[in-house]
Amino acid sequence: MTSPQRVPEPTTIVASTGDVYTWGHGWVSEPSTRNNTLLPWVDRSFIKHKIKSVSGAFDVVAVLTDPGEVLVWGLDGVTLDSVASTLRVVRVSCGGEFLALLTDAHEIWMCGDNTFGQLGHSDVNFQATPRQANGLAGKRVSMVACGYSHTAALTAAGDLYTWGRGIEGQLGHGKTKLEMTARFVRELMEQPVKAVACGANHTAAILLSGRILTWGEGSLGQLGHGIRVTSQLLPKQVEVKDGKVDVPLAGVAAGWGHTVVLSEDGRVWTWGFGKSGQLGTGEAGFSYLPQLVSALSGVPIKTVVCGSHFTVAAEENGNMYSWGSGEEGRLGLGDAQNRSAPTPITTIQDLGVNMFAFSDSRCLCVVPTRLTEIVPSKGPVTGGTQIELRGVGIYDCWIMVQFRNPPSKHKVVRGKYLAKKGAVRVDVPELDHIPRSGCVSVEVTLDDGATYTANGLTFAIYPPPKLTSITPRYRPLKGTVPLTLTGDGFTKHPEATIRLELVGGEPDPMDDLVVPAVFKSAGKGSYLCNSPEVSKAGDYVVELSFNGQNYTEDGNVVTYYADPSVSAVSPTCGVCNRPTELLIQGSGFVDFDGACRVRFATVEKQTLVKGKVLSPTQISVIAPVSSPGPCNIEVALNGINFTESGMRYIYYDEVKLSALSPGLGPASGGTEVALTGTGFVKVSSIKLSVLPSSHVDPPTTPATTGKPDAKAEAAKAEAAAAAAAALAERGPPQPIYVSGAVGATGNEIIFTIPPKQEFAPNNTALIALSLDGTNYFEDTLDFTYYNEPSYNDVKPNKLPAGKEASATIGGTGIFNSPAAKVLITGAPGGDLTVPGNYNEIKGGAEIQFTVPVAAVEAAGEIQVSVSMNGQQFSEKKSSITVVAGKK
């Protein structure tokens, strides 16, 4: 139940303030007030106690405070009220139902159950108050270990004494009887012992040579001798090896039926009873020989301790691992489950635990008062910085903070406890006793100045800086604007910030008016920062701080203005090779000392041009010469921050439209047309306007010969008048807009013709082009709609195979179109397209075409269909049967 580290000389033990974490079951008496918890938590009932040492075993836990008060749980019938006044106790050890107190005089005083003489009082009487153990007169005792009913004491010379129950041989004297006074273990003469641990009924000792000896009860394998023995009466060596090499040991701990040792290089071996997983090997069972706890390989373990059926290992930094029986929450892992492998106690990880004690139901550890951080970590030598001292083991009391610059004088001020943060707040005094730059150490005391921490944290000081100028002096409300701050006494500080304060008003509470600043140059130097967005326009005082708290007060101002917006630019496009005067329209335009700039942003480059603010809604600017293409026009009133959205402006060469191919298509639309010309620009905003011609075509009348027919002429005039009246009633035709894209060659624009409008007065549509999607060029081209003809069957409908032949397709509505084509499908070599020729015949017209040999190479059937524009073919297909020729 003891730590494997040899106990230092009692007079060297230093008590410490801090937090006491407790967990487990049975914390029902003062100073604790709660009964059970599965995780470590700060037990506030220990506040203001300076802890000197802690101990635990079986069901007993003891805490030794400064100036010597002993607090104990799990032990009834003893009275320790006078201990602090009569004995100078430096260490407490717990047994089954008794205590051993080690004093600064190296004496052992004991109390509690004495059924087996374990108190060393030469009797077996219960002892309610501490009384000195016999048989150790003149011995300089440095360590005490207690079993359930026996005791072992180690002197500074390495001599081991035991007494109490010896029935299982646990005293090591070669006999199975009680010893009621301390007796030297003669078997270890001239074998100095450096550490001892007592299990329930067995004992283990590590020699100065690093070897380990065990004796006593071995029925559970706890002796590690490789066999099951009822009792081992004399010390016997345990072979702890790494391969064939003996492992030198540094420490030992013992549970009810298992033993744990720690090697000098921080490795852990276990043996004995492991049904609850207390051996840490990943399995539950017995082991009669030492086994390495491989799960801790690479972890620098410095201490091991045992409960009856669980084990704890700790690193030098206080991080702890537990395994074994989890009953009563003793493992501190948040549940009552057993663990067969070491598991970190994460709740207290990285807190710097320096003392701990474990009984079968109650567990505790001590986190000493320690500072880990000072925020902010620097301030002006003139003082006034309000700092937070953060750390662990800090609680509400009379807190004093010391600022020292050895070997100079020091200043001490009172600190205020921050309950929610567990930290200390203090105002740094004027540090006039030290140079104007440098560092001072900062330490804290929670015991009226008796003991200060010694964490080595420092607070840096510097002369107050002076801010002399800021550029630029104007910026919009939104967006990021870099500011350059120049002044005197500037030095590099990564924590530097700037703060803005609205002049003559209250800023929006949602605005973040503090931003980081980056050091640029020293002396008459500068800092750079990205000034923040704000919600309210106006003048803002800008202040600089090296520590985020103490700001300059030099009155430098930056003016925030409402973000301007651009709504239009006129004209919207222009020839690329000559300057064009533009008028930008919008809102929020203000002249700031002629700083206005207009940015013309193309794909290739960005050009800044000085703009002239004419009014709050107008800016004039000369568009610079540029290459053909679109650009975005943006405005910056301060010459730096441009509007997020601008207006589109198009640079172009002289645009000329040449032709449409095809220039006609069915009234149902869908014709894909290529508009050819020059000066086109590849932009995504190309639009085409399809506008029906406003000319009214007269109705068609049958052709007549001889004298004019007066009635026919009258009917024609009447129909024309009716059409004109209908057009007047409906109003002029409206264009349909479609998108286009520049083709691969760059000299054509591809688009799709929409259907003919229902009330279009004729079959002609005017095609106009816009490169910016809004402004259309005056040049137009004509596109002709036609009604889809009705086609008859092809003639002839039978052709001999292997011979070129002529064929015709007649019908109604056929007209003369140079673009007419005939599609032949089903040919052996694949589909074919051949020219179609218009031919007038009596009573109508027909399309003549040649059926090539490739279409009639073999007998079968082919189909033909007609397109008047060479692109959109009739849905009707006529069949031609190809007949094999006679041999």
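Below, the structure is looked at part by part. (Residues numbered from 1 in each chain as written. Predicted model: local features only at pLDDT ≥ 70, side-chain atom pairs only at ≥ 80, totals over all residues. Heavy atoms only, no water.)

Quick notes on the sheet that holds strand β47 (residues 573-575)
Step number 1: The strand order β47-β54-β53-β49-β50 describes an open sheet built from five strands, whose pairing is mixed. One side of each edge strand has no neighbouring strand; the edge strands of this open sheet are β47 and β50 (606-610). Here the average twist between neighbouring strands, direction ignored, is 30°.
Step number 2: Pairing between β47 and strand β54 (residues 647-652): three bridges, direction parallel. Each residue of the ladder has a partner; that of Val575, found in β54, is Tyr652. (Pairing = 2+ DSSP bridges. Helix = DSSP H or I, 4+ residues; strand = E, 2+ residues; numbered from the N terminus. Axes fitted to C-alpha atoms, helices over the stretch in contact; angles between N-to-C directions.)

Structural notes on the sheet that holds strand β24 (residues 301-306)
Step number 1: With antiparallel pairing, four strands are arranged side by side in an open sheet as β24-β25-β26-β27. Here the strands that pair on one side only, and so sit at the sheet edges, are β24 and β27 (339-344). Across the sheet, the mean angle separating the axes of adjacent strands is 15° when strand polarity is ignored.
Step number 2: In terms of strand pairing, β24 meets strand β25 (residues 310-315) through five bridges, oriented antiparallel.

A closer look at the pattern of salt bridges
Step number 1: Per the stated rule, a full pass over the model turns up 22 salt bridges.
Step number 2: A salt bridge links Glu501 to Arg499, with the shortest nitrogen-to-oxygen separation between them at 3.6 Å.
Step number 3: Assessed through its relative accessible area of 36%, Glu501 is described here as partly exposed.
Step number 4: Arg499 sits in the partly exposed class, given a relative accessible area of 25%.
Step number 5: Where salt bridges share partners, they join Glu373, Glu388, Arg390 and Lys421 into one cluster. (Salt bridge = Lys/Arg side-chain N within 4 Å of Asp/Glu carboxyl O. Buried < 20%, exposed > 50% of the residue type's maximum accessible area, 1.4 Å probe, protein only.)

Focus: the packing of aromatic side chains
One pair of aromatic rings is described through two measures. These are the centre distance and the angle between the planes.
Step number 1: Taken as a whole and assessed by the stated rule, the structure comprises 23 aromatic pairs.
Step number 2: Centroid distance Phe286 to Tyr288: 6.5 Å. Interplanar angle 10°. Geometry classified as stacked.
Step number 3: Following the ring pairs from residue to residue traces out a cluster consisting of Tyr462, Phe490, Phe519, Tyr527 and Phe546.
Step number 4: In this arrangement the basic side chain of Arg599 is found over the ring face of Phe642, its NZ or CZ atom lying 4.0 Å from the centre. (Phe/Tyr/Trp six-rings, centres within 6.5 Å; stacked < 30°, edge-to-face > 60°. Lys NZ or Arg CZ within 6 Å of the ring centre and 35° of its normal.)

Things to note about the nonpolar core
Step number 1: In terms of nonpolar packing, the biggest core is built from 27 residues, with Tyr652, Leu675, Leu688, Phe751, Ile767, Leu769 and Leu771 touching the most fellow members.
Step number 2: It is strand β63 (residues 776-786) that contributes the most residues to this core, four residues altogether.
Step number 3: Contact partners of Leu688, with chain neighbours within four places excluded, come to Leu675, Ile736, Tyr737, Val738, Ser739, Gly740, Ile749, Phe751, Ile767, Ala768, Leu769 and Tyr776.
Step number 4: One finds Val794, Ala845, Val851 and Ile880 within the second-largest nonpolar core, a separate group that totals 25 residues. (Core = buried A, V, L, I, M, F, W, Y, C linked by side-chain atoms within 4.5 Å. Contact = heavy atoms within 4.5 Å.)

Focus: the side chain of Lys194
Step number 1: Along the chain, Lys194 turns up in strand β14 (residues 193-198).
Step number 2: Residue Lys194 is classed as buried on the basis of its relative accessible area, which comes to 14%.

Describing the environment of Val742
Step number 1: Examined against the element boundaries, Val742 turns out to sit in strand β60 (residues 741-742).
Step number 2: Sequence-wise, Val742 and Gly383 are 359 residues apart; in three dimensions their C-alpha atoms are separated by 71 Å.
Step number 3: Not counting residues within four places of it along the chain, the set of residues in contact with Val742 comprises Phe680, Val681, Lys682, Ile686, Glu748 and Ile749.

What about the pairing of strand β7 (residues 98-103)?
Step number 1: Here β7 lies mainly inside the structure; six of its six residues are buried.
Step number 2: Side chains of β7 alternate between two faces, with Phe98, Ala100 and Leu102 and Leu99, Leu101 and Thr103 buried alike.
Step number 3: Inspection of the sheet shows strand β6 (residues 89-94) paired to β7 by five bridges, in the antiparallel sense. When the sheet's bridge partners are listed, Cys94 is paired in β7 with Leu99.
Step number 4: Hairpin remark: β6 followed by β7, antiparallel, with three residues in the connecting loop.
Step number 5: In the sheet, β7 pairs with strand β8 (residues 108-112) via five bridges, with the strands oriented antiparallel. Bridging from a neighbouring strand, Leu101 pairs with Trp109 of β8.
Step number 6: Linking two consecutive strands that pair antiparallel, namely β7 and β8, is a turn of four residues; a positive phi of about 65° is found at His106 within it.

Things to note about the pairing of strand β34 (residues 410-418)
Step number 1: Sheet analysis places strand β33 (residues 399-404) next to β34, joined by six bridges and oriented antiparallel. In the strand pairing of β34, Arg404 is matched with His410.
Step number 2: Inspection of the sheet shows β34 paired to strand β35 (residues 423-427) by three bridges, in the antiparallel sense. The residue of β35 that forms the bridge with Tyr417 is Val424.

Describing a nonpolar patch on the surface
Step number 1: A surface patch of nonpolar side chains, about 290 Å² in accessible area, is lined by Val124, Ile167, Leu178 and Met180.
Step number 2: Along the chain, the position of Leu178 falls in the loop between β12 (160-164) and β13 (179-184). (Patch = residues over 30% accessible without salt bridge, like charges linked within 9 Å, V, L, I, M, F, W, Y side chains within 5 Å. Areas by Shrake-Rupley, 256 points an atom, 1.4 Å probe, with all protein chains shown as cover.)

Overview of the environment of Pro692
Step number 1: Within the secondary structure, Pro692 is located in strand β58 (residues 687-692).
Step number 2: Distance in space between the C-alpha atoms of Pro692 and Thr764 is 6.1 Å, their sequence separation being 72 residues.

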